[in-house]
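The residues making up each chain are set out below.
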Amino acid sequence: MIRLSELRYKEVINECTCKRLGCIEDLEFDEKCGQICAVIIPGQSRCFGLFGKEEEFIIPFRCIRQIGPDIVLVEVDEKAVLRT
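Enquirer: Hey, could you run me through the environment of Arg-83 in this one?
Expert: Tracing the backbone through its elements, the reader meets Arg-83 in strand 8 (residues 82-83). Among the residues examined, Arg-83 registers a relative accessible area of 46% and is labelled partly exposed. Distance from Arg-83 to Phe-57, taken between C-alpha atoms, is 6.0 Å for residues 26 residues apart in sequence. Setting aside chain neighbours within four positions, we find Arg-83 in contact with Glu-55, Glu-56 and Ile-58.

What follows is the structure, encoded as structure tokens:
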């Protein structure tokens, strides 16, 4: 079992493109059953972080392929999970 605090600092890598997406910042839960629906990864900051985040990735939990000691491997189409 893994704690939320441990999951938060793991880097997320897309297996399809071998690209680093960032670190998990938040989780989305299903209120009815208490299961994790998605992980939320913030995008790049605008103008040195002064104007907030430009975009974020909302990755469904079913797309997570493996959780390792340092990274989380996902298999996603980045355009489909990008929210601006």
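Enquirer: What am I meant to see in the pattern of salt bridges here?
Expert: Two side chains with opposite charge may pair up if their charged atoms get near one another. As enumerated under the stated definition, the model contains 4 salt bridges in all. Between Glu-75 and Arg-65 there is a salt bridge whose closest N-O contact spans 3.1 Å. You can see Glu-75 sitting in the loop between strand 7 (71-74) and helix 2 (78-81) and its partner Arg-65 sitting in strand 6 (residues 64-67), a full 10 residues away along the chain. On the basis of relative accessible area, Arg-65 is assigned to the partly exposed category, the value being 43%.

Enquirer: Explain the nonpolar core here, please?
Expert: The nonpolar side chains of a soluble globular protein tend to be buried, and buried together. Core analysis: the largest hydrophobic core is formed by 15 residues, its most contacted members being Val-12, Leu-21, Ile-24, Ile-41, Ile-59, Val-72 and Val-74. Every residue in contact with Val-72, bar those within four places of it in the chain, is listed here: Leu-7, Lys-10, Glu-11, Val-12, Ile-13, Ile-24, Ile-64, Gln-66 and Ile-67.

How each quantity is defined
- Residues numbered from 1 in each chain as written.
- Predicted model: local features only at pLDDT ≥ 70, side-chain atom pairs only at ≥ 80, totals over all residues.
- Heavy atoms only, no water.
- Helix = DSSP H or I, 4+ residues; strand = E, 2+ residues; numbered from the N terminus.
- Buried < 20%, exposed > 50% of the residue type's maximum accessible area, 1.4 Å probe, protein only.
- Contact = heavy atoms within 4.5 Å.
- Salt bridge = Lys/Arg side-chain N within 4 Å of Asp/Glu carboxyl O.
- Core = buried A, V, L, I, M, F, W, Y, C linked by side-chain atoms within 4.5 Å.

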